[in-house]
Structures are given as C-alpha cells and as structure tokens.
Amino acid sequence: MAQVLWVKKDDLTVSKLADLPEAPLAAGAVRLRIESFAVTANNVTYAVAGDMMRYWDFFPAPESWGIVPVWGHALVDASNCPDIAVGERVYGYLPMATHLDVVPGQISAGQFTDMAEHRQPMSQFYNQYSRIQADPEHDPAREDARMIFGPLFKTGFLIEAFYRRNDWFGAKQLVMTSASSKTAMALAHCAKEASPTLRRIGLTSPANMDFVRATGLYDEVVAYDAAASLALTPSVSVDFAGNAAVMRAIHTRLAAELRYSSIVGMTHVDARAGSGAPLPGPAPILFFAPTEALETIKALGPKGFALAVGSAWQSFVAGTEAVTHVAHQPGLSAADTIFQKTLAGKQDPQTGIVITF
C-alpha cells in the first residue's frame, strides 16, 4: 500500500494523508520506493509557485489538491525496464509520498530521464534521476547534505554565475533577503569565493540575526525593519522571501542605485501580497534556475560546469557543517508537520530536516 501527502492548492495549511492501492506496473516502468527526502523552504516555494511554474504537474493529485515535490533518495522496488535493476538506488525529484512510478529513458550509466508523458512539458532538469552506483556527485557520507542543500546550492551557484557573467550590472553591493535560507547562503558563499570584492548584505528577521552572522558568509547582517539603513551604493537585490513590504523597502531605499532585482523564492507566505503600485528602481525579474543552467553550461562547457559546481559545493558544505545539524524524522506525518512549520516561518534554520522511511 502506497501513501501520499496532499495539500490544498488554494490553502497550503490544509493537508491530508491518503492511502493508495497498489496499481499494476506499466510496461517499461520502474517503481521507486522512497527512502528519504529533505523538507526545506525550497519546498514551500514549489507549493506557492505550484500553478505559476507548473510544479503541481509533476506528480498529479485529485482536483484542488497538490503533491509537494522534494529532493531525495529512492530504491528500485520493481522494474519492467531491462536496464534498471531491482535494488538499485537513485537520487532526484520525488513526491511527498512513499512510492513513485517512472518510465526510464535516455538511460546512461549515471542517470536516466523519466519519460512519463505528463512530465514532458516541464523542464527536463526535474525529470532526470541520478543512478547512485555511477553518480560522480554522490558522497555516502553526505547524503543528508545533498538532500538538504544540493538543489538550493546549485540555484545559488547559478545566480552568482548569472550576475558575474553580467559584471554584476556595475554593482558594488549584493543585497539578499531571507539570509538564513539555504539558497541565500549558497549565493553568499559563491559570491564570496568568485566575486570577493562585492559586498554581501544579508537581510533577515531579528530572531535569525545571530545564526546568519555565525555563518561568516555576509559582510553585514541587517534586520528587515532596518532596510532603510542600506548603504546608498550601486547594488543588486536578490529576493528569496517574497515579502512585499521588504522588497518595497529595499527598492525605495536604493531606488536609482539598484541596478538589477531578482525574485527567486517565496518563503514569507503571509506577506506575499503587495499594494500593486510599481516599485522604485528596476522591476524585479523572476530567476528560473533550469534556464540559467543551460546558459552556464553553454558558457563553461559540461565538464567545466561540473568541475566548477563540484569545487564550490565541497567548500560550501564543509562550512555548513559548522553551523547546522541534521535531524531525521520518520514518515509522511512528520513531513506534514515540518512542511507546515516551515510554511509558517517557524522552522529553525540551524536544523536540516530529513524524512526517512
């Protein structure tokens, strides 16, 4: 018997655990039994942007309900694909559920792509599964870190690559909201390494100020209500929070000094709505990591991209181990609890949560 966690698309605070009967496995398909996945603010972003970015479409649910995507590990439980053996482990994009059926195609030693028809209109970035036995990114000692930080780190890496390729639009200062978030930390780390002359400013809530300072990733840490104190110097802004009031404060303070403004995440769910009035300075532009990944791979070449990501990742994850710890919690009920806590902005940024089965 499979189990799945559904959330209401129009009210993410409403959720339901459902038992699903085991269906026959389709020809050419593989049934994955999910072993573990992380729950982070990234999953809140997937849910908040579920309709706009089609995140709900990856794992269909009954009308008005959605399944929140996660990143994690799974075991091949049954296989009708001759190239994928029962017992093999994979890493990739999974539902908050106990099982997932995929249709492997484009199979190589290190990965395959889910060719299920309903997934083809969306970015192929999310349809690729790494085969652990030949996956160069797999580190048995850091499986938890990969689930918690991996996808978020790559987004941070790609944001830094985008801005650096554009000479930071002439900015001397990088302003980041939700500075305690894992993606902001990744961006700050990559900027610190690759663009060390750029001043990194982290905005966060008063409760997270000490943690954000302890990361050592920011030149200055500023409380949200002190955004009016930001230095008036050529700047770029990257918003991970989706808090309309904070965005307005940043744009109002920097105005003509703001050279570019990106929107990446939406973690402050209760503060997303804005007044509708245009913001001072440049209009914020949505950053979509899969599109930027193609551009960065084109610029660096596949091998160069892999080496650059790998090098930056190793130094980043080593640093995070000093300021964060991992907690394992069993089952979908725990996943529901942590998702709701993260949705409400009450999850401790120092603790990474991994759900196990």
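Scroll up a little and you will see the structure.
Now for a look at the structure at hand. (Residues numbered from 1 in each chain as written. Predicted model: local features only at pLDDT ≥ 70, side-chain atom pairs only at ≥ 80, totals over all residues. Heavy atoms only, no water.)

**Description of the nonpolar core**
And step 1. Ranked by internal contacts, the top residues of the largest apolar core, which has 97 residues, are Met-96 and Tyr-218.
And step 2. Here the element with the most residues in this core is helix H2 (residues 143-165); it accounts for 10 residues.
And step 3. If sequence neighbours within four positions are ignored, Met-96 has contacts with Val-4, Leu-5, Phe-37, Val-39, Ile-67, Val-68, Val-70, Leu-332, Ala-335 and Phe-339.
And step 4. The next biggest cluster of nonpolar side chains, apart from the first, holds 12 residues, and it includes Leu-203, Tyr-224, Leu-230 and Leu-254. (Core = buried A, V, L, I, M, F, W, Y, C linked by side-chain atoms within 4.5 Å. Buried < 20%, exposed > 50% of the residue type's maximum accessible area, 1.4 Å probe, protein only. Helix = DSSP H or I, 4+ residues; strand = E, 2+ residues; numbered from the N terminus. Contact = heavy atoms within 4.5 Å.)

**Examining unusual backbone geometry**
And step 1. For Phe-169, which is not glycine, the phi dihedral falls at a positive 55 degrees.
And step 2. Mapped onto the fold, Phe-169 is located in the loop between H2 and strand S11 (173-176).
And step 3. One non-glycine residue, Ala-255, lies in positive phi territory at about 45 degrees.
And step 4. Tracing the backbone shows Ala-255 in the loop between helix H5 (244-254) and strand S15 (258-263).
And step 5. Given the relative accessible area of 25%, Ala-255 is considered partly exposed.

**Quick look at the sheet that holds strand S14 (residues 235-239)**
And step 1. If you trace the 6 strands from one edge of the open sheet to the other, you get S13-S12-S11-S14-S15-S16, paired in parallel fashion. The open sheet is flanked by strand S13 (220-223) and strand S16 (285-286), the only strands paired with a single partner.
And step 2. Each of S11, strand S12 (199-204) and S14 is contacted by helix H3 (residues 182-194), which is oriented at about 165 degrees to S11, the strand it contacts most. (Pairing = 2+ DSSP bridges. Axes fitted to C-alpha atoms, helices over the stretch in contact; angles between N-to-C directions.)

**Comments concerning the side chain of His-251**
And step 1. If you trace the backbone, His-251 turns up in helix H5.
And step 2. In terms of polar contacts, His-251 uses its side chain to reach the backbone carbonyl oxygen of Pro-280, at 2.7 Å.
And step 3. Here the side chain of His-251 touches Pro-282 through a polar contact of 3.5 Å, landing on its backbone oxygen. (Polar contact = N/O pair within 3.5 Å; in protein donor to acceptor, adjacent residues only side chain to side chain.)

**As for the packing of H3 against helix H7 (residues 302-320)**
And step 1. It is the contact of H3 with H7, at a shortest axis distance of 10 Å, that shows an interaxial angle of 120 degrees. The angle between H3 and H7 places the two elements in the oblique class. Like other packed secondary-structure pairs, H3 and H7 cross with a definite hand, here right-handed. Between H3 and H7, the residues in contact are Lys-182, Met-185, Ala-186, His-189, Cys-190 and Glu-193 and Ala-312, Ser-315, Phe-316 and Thr-320, respectively. (Parallel < 35°, antiparallel > 145°, perpendicular 65-115°, else oblique. Left-handed = near helix turned anticlockwise from the far one by under 90°.)

**Section: the pattern of salt bridges**
And step 1. What the rule picks out here adds up to 19 salt bridges.
And step 2. For Arg-31, the salt bridge is made with Asp-101, and the minimal N-O distance between the two is 2.8 Å. One end of the pair, Arg-31, is in strand S3 (residues 30-39); the other, Asp-101, is in strand S7 (residues 99-102), and 70 residues separate them in sequence.
And step 3. Here Arg-31 falls in the buried class, since its relative accessible area comes to 10%.
And step 4. For Asp-101, a relative accessible area of 34% puts it in the partly exposed group.
And step 5. Close ionic contact of Arg-142 with Glu-321 constitutes a salt bridge, the shortest N to O distance being 3.0 Å. With a gap of 179 residues between them, Arg-142 in the loop between strand S10 (128-131) and H2 and Glu-321 in the loop between H7 and strand S17 (325-330) connect regions that are remote in the sequence.
And step 6. Given a relative accessible area of 44%, Glu-321 falls into the partly exposed group.
And step 7. Connected via shared salt-bridge partners are Asp-135, Glu-137, Arg-146 and Lys-154. (Salt bridge = Lys/Arg side-chain N within 4 Å of Asp/Glu carboxyl O.)

**Overview of the sheet that holds strand S4 (residues 65-66)**
And step 1. Across the sheet, 3 strands lie side by side as S2-S1-S4; this open sheet has antiparallel pairing. Every other strand in the sheet has two partners, leaving strand S2 (11-20) and S4 as the edge strands with one partner each.
And step 2. Relative to S4, strand S1 (residues 2-8) is paired through 2 bridges, and the arrangement is antiparallel. Bridge pairing in S4 links Val-7 to Gly-66.
And step 3. In this fold helix H8 (residues 331-343) packs onto S1 and S2, with an angle of close to 170 degrees to the strand it touches most, S2.

**Some words on the packing of H2 against H7**
And step 1. Contact geometry of H2 with H7 gives a least axis separation of 10 Å together with a crossing angle of 125 degrees. The angle between H2 and H7 places the two elements in the oblique class. Crossing handedness for the pair H2 and H7: right-handed. Facing Ala-145, Arg-146, Phe-149, Gly-150, Phe-153, Lys-154, Phe-157 and Leu-158 of H2, the residues of H7 in contact are Phe-305, Ala-308, Val-309, Ala-312, Trp-313, Phe-316, Val-317 and Thr-320.
And step 2. Of the residues in the contact of H2 with H7, the class split is 12 nonpolar, 2 polar and 2 charged. (Nonpolar A, V, L, I, M, F, W, Y, C, P; charged D, E, K, R; others polar.)

**Re empty space enclosed by the protein**
And step 1. Taken as a whole and assessed by the stated rule, the structure comprises 2 cavities of 30 Å³ or more.
And step 2. Roughly 50 Å³ of internal volume is contained in the largest cavity.
And step 3. Listing elements by their share of the lining of the largest cavity, those giving two or more residues are helix H1 (41-48), strand S5 (69-79) and H2.
And step 4. Residue contributions to the lining of the largest cavity peak at 4 residues, all from H2. (1 Å grid on protein atoms, 1.4 Å probe; cavity = no way out; pocket = protein on both sides within 12 Å on 5 of 7 lines; lining within 4 Å. Points joined across faces, edges and corners; volume = space filled by probe spheres on them.)

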